[in-house]
Amino acid sequence: MWKPPERIEFTPDPGPWPTAKEARASRLFSPVKIGPVTLEQRTWIPAMVPWRATGEGEVSQDVIDWYARFAKGRPGAIVIEATGIRDIPSGPLLRIGDDRYIEGLSRLVEAVRKASGGHTRLFIQLIDFLAVRRRPAKAKFFESHLAITDEHRAHLAGESDAAIRTALAAMDDKTLRDVLSDREFDSYSRGYRERVTDTHLPHVADLPEKLPAMFAAAALRAKRAGFDGVELHYAHAYTMASFLSALNTRTDGYGGPRENRVKLPLEVYRAVRQAVGEDYPVGCRMLTEDCIEGGSELADTSWFAMQFAASGMDFISFSRGGKFEDALTPAPGQAIYPYTGPSGYECMPHYISDERGPFGRNRPAVAAIRQALRDAGHQVPVVLAGGIHGFQQAEQYLREGEADIIGMARQTLADPDWFAKVASGHGSQTRQCKYSNYCEGLDQKHKIVTCQLWDREALDEPGAPLTPDGKRRMVAPEWTPPAP
Ligand SMILES: Cc1cc2nc3c(=O)[nH]c(=O)nc-3n(C[C@H](O)[C@H](O)[C@H](O)COP(=O)(O)O)c2cc1C
Ligand code: SF4
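Quick caveat: nothing in here was measured; it's all calculated off a predicted structure.

## Things to note about the site of ligand 2
Move 1: Close to ligand 2 lie 13 residues, the nearest being Cys433, Ser436, Tyr438, Cys439 and Cys451.
Move 2: At the level of elements, helix 18 (410-414) and helix 20 (438-444) are the ones that each hand at least two residues to the shell around ligand 2.

Next comes the structure, spelled out in structure tokens:
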């Protein structure tokens, strides 16, 4: 992962912990309404892909064990990982693109309800993404991936297409930059990737026609499976965030000025709302800033948030960055990963940072958007995440009106009992996330995600699920509250 050149090391310091009485009186542990449902506390586990679904995208026992473990900590809400709205093979990532997924998802809902004693609300993140191929070996790319065009023929006049392929494969990268188009060079050096601007591809051109109904059908399945609400994934490197991005230059009315870029996200939301009804929580996860050159900035995203609030969304959860455009070049055989460049750093900041540090990095941007929403009379609850790990820190953000709900992703991966421990006055027993991004490295390699702080602990504990190689436990060890 890219790290800021300043390379300043930060050590998370959660500060003092509250007594159980102080926790009860805190804002963090006070209820908040998300549309028609109430969260018992303002705590939220944002979506995290753990690579545990079956190869068919179904809920596996490992998925159930993973979320039931989080539920034991009784946060206000858990958002299930980005779940694909299409029924297309996508490895062990959850899918909701067909009715046959409902049964497994219902079991997941049931398991979370039981493990949290009914105290945690469960949302699911709905995602659409475009094709991303692994970076091919150079010989393979020129042998079969590249379509030979008249531009190549003009460069290598008189040669057959087969001879052109051989000649290109023998060129160094400097020469190839001149001979190939920018897009071809990108596919060669980073792997082929579809963009929302690829309107020459019929299935990309018709995204505005297809996606509203697909998201709506997925949301209805989520409702039927028993989820308390849905989160539309409008963040990071995926289809909907790419429509919102200032880099979206589509000329069909869905790109260019921000009024056009927000059109599809609003159409998707309205279709979802119509499918699930007024009394069902629907919100989105979006970016405060794209954090890439030419991407959307606060003025755009603040305006988008305003449109979403005005159209009736029940919550807005904010992230930042996480884009393909500035991601590091993958090795041949690997796929590009949107969290490896500077924008990826903004999304999941590491403990080695710049003077701004990794803790609460999205706070000023979220606070500014929330203020703009309130000034316009919108009361939509706003979720802030990114490097939050201490009670005082969370409480301060809430008290200063910078957010309504606190999201903690890696901190709860490090310690799923964080909420139960802090609420009961046992905050000093929390396991502190180091922000080392070992977990994110596993995600990048499409490996089962665990935390380095507990995955080698008590491997011989009866019933502890282990990774197929037997080297890592797959869920955090249990916590037994001290006797009163
Ligand atoms: C392993 C892993 C998987 C993630 N998967 C998702 C995801 O599916 N959807 C999403 O919106 N964010 C995802 N994220 C980003 C987190 O939700 C969160 O925004 C980010 O980690 C910053 O918050 P934190 O500092 O509390 O961890 C993932 C993060 C990690 C570490
Ligand atoms: S591996 Fe554990 S300690 Fe490291 S960043 Fe992830 S959750 Fe935190």
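## Overview of the domain arrangement of the chain
Move 1: The domains assigned to the chain are domain 1 (10-127 + 203-444) and domain 2 (138-190).
Move 2: Taking only C-alpha atoms into account, the centre of domain 1 sits 41 Å from that of domain 2.

## Quick notes on the site of ligand 1
Move 1: Around ligand 1 sit 24 residues, and of these Pro46, Ala47, Ala82, Ala409 and Arg410 come closest.
Move 2: Only strand 5 (77-84), helix 18 and helix 20 provide two or more residues apiece to the shell around ligand 1.
Move 3: The residue inventory of the shell around ligand 1, partitioned by class, reads 14 nonpolar, five polar and five charged.

## Some remarks on the packing of helix 3 (residues 102-115) against helix 10 (residues 207-225)
To describe two helices that pack against each other, one gives the angle between their axes and the distance between the axes.
Move 1: Contact pair helix 3 / helix 10: the axes reach a minimum separation of 8 Å and the direction vectors enclose 50 degrees. As summarised for this structure, helix 3 and helix 10 are arranged oblique, according to the angle between their axes. Where helix 3 crosses over helix 10, the two elements pack in a sense that is right-handed. Contacts between helix 3 and helix 10 involve Ile102, Leu105, Ser106 and Val109 from the former and Arg221, Arg224 and Ala225 from the latter.
Move 2: By residue class, the composition of the contact of helix 3 with helix 10 is four nonpolar, one polar and two charged.

## Section: the sheet that holds strand 11 (residues 382-384)
Move 1: Ordered in space as 4-5-6-7-8-9-11-12, the eight strands form a closed barrel in which the pairing is parallel. Ignoring strand direction, the axes of neighbouring strands in this sheet form an average angle of 30 degrees.
Move 2: Bridge count for strand 4 (residues 43-45) against strand 5 is two bridges, and the pairing is parallel. Bridge pairing links Trp44 to Ala77 in strand 5.
Move 3: Lying on the sheet, helix 10 is in contact with strand 6 (121-127), strand 7 (229-234) and strand 8 (282-287); it crosses strand 6 at an angle near 160 degrees.

## A few points about helix 3
Move 1: Taking 1.5 Å as the rise per residue, helix 3 with 14 residues should run 20 Å; its terminal C-alpha atoms sit 20 Å apart, in good agreement.
Move 2: If you follow the buried residues of helix 3, they end up packed against helix 2 (61-72), strand 5, strand 6 and helix 10.
Move 3: Positioned one or two residues after helix 3, Gly117 has a phi angle of 60 degrees, which is positive.

## Here's the deal with the pairing of strand 9 (residues 315-319)
Move 1: Most of strand 9 is tucked away: five of the five residues are buried.
Move 2: Where burial is concerned, the two faces of strand 9 agree: the one with Phe315, Ser317 and Ser319 and the one with Ile316 and Phe318 are both buried.
Move 3: With five bridges joining them, strand 8 and strand 9 adopt parallel strand pairing. Opposite Leu287, over in strand 9, you have Ser319 as the bridge partner.
Move 4: Regarding the hand of the β-α-β motif, the stretch spanning strand 8, helix 14 (residues 298-310) and strand 9 is right-handed.
Move 5: Bridge count for strand 9 against strand 11 is three bridges, and the pairing is parallel. Bridge assignment links Phe318 to a residue of strand 11, and that residue is Leu384.

About the thresholds
Residues numbered from 1 in each chain as written. Chains lettered and ligands numbered in written order. Predicted model: local features only at pLDDT ≥ 70, side-chain atom pairs only at ≥ 80, totals over all residues. Near = placed C-beta within 6 Å. Helix = DSSP H or I, 4+ residues; strand = E, 2+ residues; numbered from the N terminus. Domains from an automatic or database assignment. Nonpolar A, V, L, I, M, F, W, Y, C, P; charged D, E, K, R; others polar. Axes fitted to C-alpha atoms, helices over the stretch in contact; angles between N-to-C directions. Parallel < 35°, antiparallel > 145°, perpendicular 65-115°, else oblique. Left-handed = near helix turned anticlockwise from the far one by under 90°. Contact = placed C-beta atoms within 7 Å. Pairing = 2+ DSSP bridges. Expected span 1.5 Å × (residues − 1). Buried ≥ 20, exposed ≤ 12 C-beta atoms within 10 Å, placed from the backbone. Right-handed = clockwise from strand over helix to strand, strands pointing away.

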